[in-house]
Amino acid sequence: PGDYSNLSHNRILSVTDDKAGYLWVMAYDYRLYRFDKMQERFVAIPSELKDFPESDFKADILYCDTRGNTWVSFSGYGLMMIDKNLNYKTFHKIGGHPVGSEVSSIHEDSQGIVYVVSDAGITMIDNGQTSLISRNPEVLGFVEHDGKLVFARSDRLLVVDMDTREQFTIDL
């Protein structure tokens, strides 16, 4: 506050850049901004999105994928995917998608498929299409290894074959 950067807060929680070279910043008050290179200032994202109520825009997680989309989670609401033209799509239980209201992490595999871990479980999102691959939301980590995705839990590993989407678990 009081400076010309146009940010709502002087502290930053998260920063990332997208494929188009835009800088995305989540301020300490969970507001989201994208740096406008032409105007050399930060622009508040809710004001750039059509029909999205600014009062609902309190970001939790910020992630940019390799396809040029920016993913933003909202506590109690779900997930939003914003493309480079600031078109957006929301994913949450109310919209019929298997993404819960509390997102804990976002991952991407080498094929550009996004995996969202939420209170509903693990959801795969490929070109806007969603499918629930596990109802258990307790995921501690994620790695891609030898054509397989491995989601780690405290007591087992969930392994997903990237080609067939077949799954199996390994108890620890």
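Before reading on, note that the structure itself is shown above.
Residues numbered from 1 in each chain as written. Predicted model: local features only at pLDDT ≥ 70, side-chain atom pairs only at ≥ 80, totals over all residues. Heavy atoms only, no water.

## Let's talk about the overall build of the chain
Okay, step 1: Across its full length, the chain holds one helix and 16 strands.
Okay, step 2: A burial count over the chain gives 42% of its 172 residues as buried.
Okay, step 3: Across the chain, the fraction of contacts at a sequence separation of at least 24, relative to all contacts at a separation of at least 6, is 31%.
Okay, step 4: Carbon and sulfur atoms make up 48% of the accessible area of the chain, which totals about 9200 Å². (Helix = DSSP H or I, 4+ residues; strand = E, 2+ residues; numbered from the N terminus. Buried < 20%, exposed > 50% of the residue type's maximum accessible area, 1.4 Å probe, protein only. Contact = heavy atoms within 4.5 Å. Areas by Shrake-Rupley, 256 points an atom, 1.4 Å probe, with all protein chains shown as cover.)

## Focus on the sheet that holds strand β16 (residues 167–171)
Okay, step 1: Pairing is antiparallel in the open sheet, where four strands are placed in the order β13-β14-β15-β16. The open sheet has two edge strands, β13 (141–145) and β16, and neither has a second partner. In this sheet, neighbouring strand axes are inclined to one another by 20 degrees on average, regardless of whether the strands run parallel or antiparallel. (Pairing = 2+ DSSP bridges. Axes fitted to C-alpha atoms, helices over the stretch in contact; angles between N-to-C directions.)

## With respect to the pairing of strand β10 (residues 114–118)
Okay, step 1: A large share of β10 lies buried, amounting to five of its five residues.
Okay, step 2: Alternating positions in β10 separate into two faces, V114, V116 and S118 on one and Y115 and V117 on the other, with burial throughout.
Okay, step 3: Across five bridges, strand β9 (residues 103–108) lies against β10 in antiparallel orientation. Bridge pairing links E108 to V114 in β10.
Okay, step 4: Adjacent in sequence and paired antiparallel, β9 and β10 are bridged by five residues, among which G112 carries a positive phi angle near 85 degrees.
Okay, step 5: In terms of strand pairing, β10 meets strand β11 (residues 121–126) through five bridges, oriented antiparallel. Bridging from a neighbouring strand, V117 pairs with I122 of β11.

## Some thoughts on the sheet that holds strand β8 (residues 88–91)
Okay, step 1: Ordered by their spatial adjacency, four strands build an open sheet running β5-β6-β7-β8, and the pairing between neighbours is antiparallel. Of all the strands in the sheet, just β5 (59–64) and β8 have a single pairing partner and so form its edges. The mean inter-strand angle of the sheet, taken between neighbouring strand axes irrespective of direction, is 20 degrees.

## A short note on unusual backbone geometry
Leaving glycine aside, a negative phi is the common case for residues, and trans is the common case for peptide bonds.
Okay, step 1: Look at E40: it is not a glycine, yet its phi comes out positive at around 50 degrees.
Okay, step 2: Looking at where E40 falls in the secondary structure, it is placed in the loop between β3 (32–36) and β4 (41–44).
Okay, step 3: One non-glycine residue, L86, adopts positive backbone phi at about 65 degrees.
Okay, step 4: Secondary-structure assignment places L86 in the loop between β7 (78–82) and β8.

## Digging into a nonpolar patch on the surface
Okay, step 1: A surface patch of nonpolar side chains, amounting to about 240 Å² of accessible area, comprises I12, V15 and L23.
Okay, step 2: Relative to the assigned elements, I12 resides in strand β1 (residues 12–17). (Patch = residues over 30% accessible without salt bridge, like charges linked within 9 Å, V, L, I, M, F, W, Y side chains within 5 Å. Salt bridge = Lys/Arg side-chain N within 4 Å of Asp/Glu carboxyl O.)

## Considerations on the packing of aromatic side chains
Remark: the centre distance and the inter-plane angle together describe each pair of aromatic rings, the angle taken between the planes.
Okay, step 1: Summed over the entire model, instances satisfying the criterion amount to five aromatic pairs.
Okay, step 2: Aromatic side chains F142 and F151 sit 5.1 Å apart centroid to centroid with 50 degrees between the ring planes, which places their arrangement in the tilted category.
Okay, step 3: Chaining the aromatic ring pairs together yields one cluster made of Y115, F142 and F151.
Okay, step 4: Note that R11 overlies the ring of Y28, its terminal NZ or CZ placed 4.2 Å from the centroid. (Phe/Tyr/Trp six-rings, centres within 6.5 Å; stacked < 30°, edge-to-face > 60°. Lys NZ or Arg CZ within 6 Å of the ring centre and 35° of its normal.)

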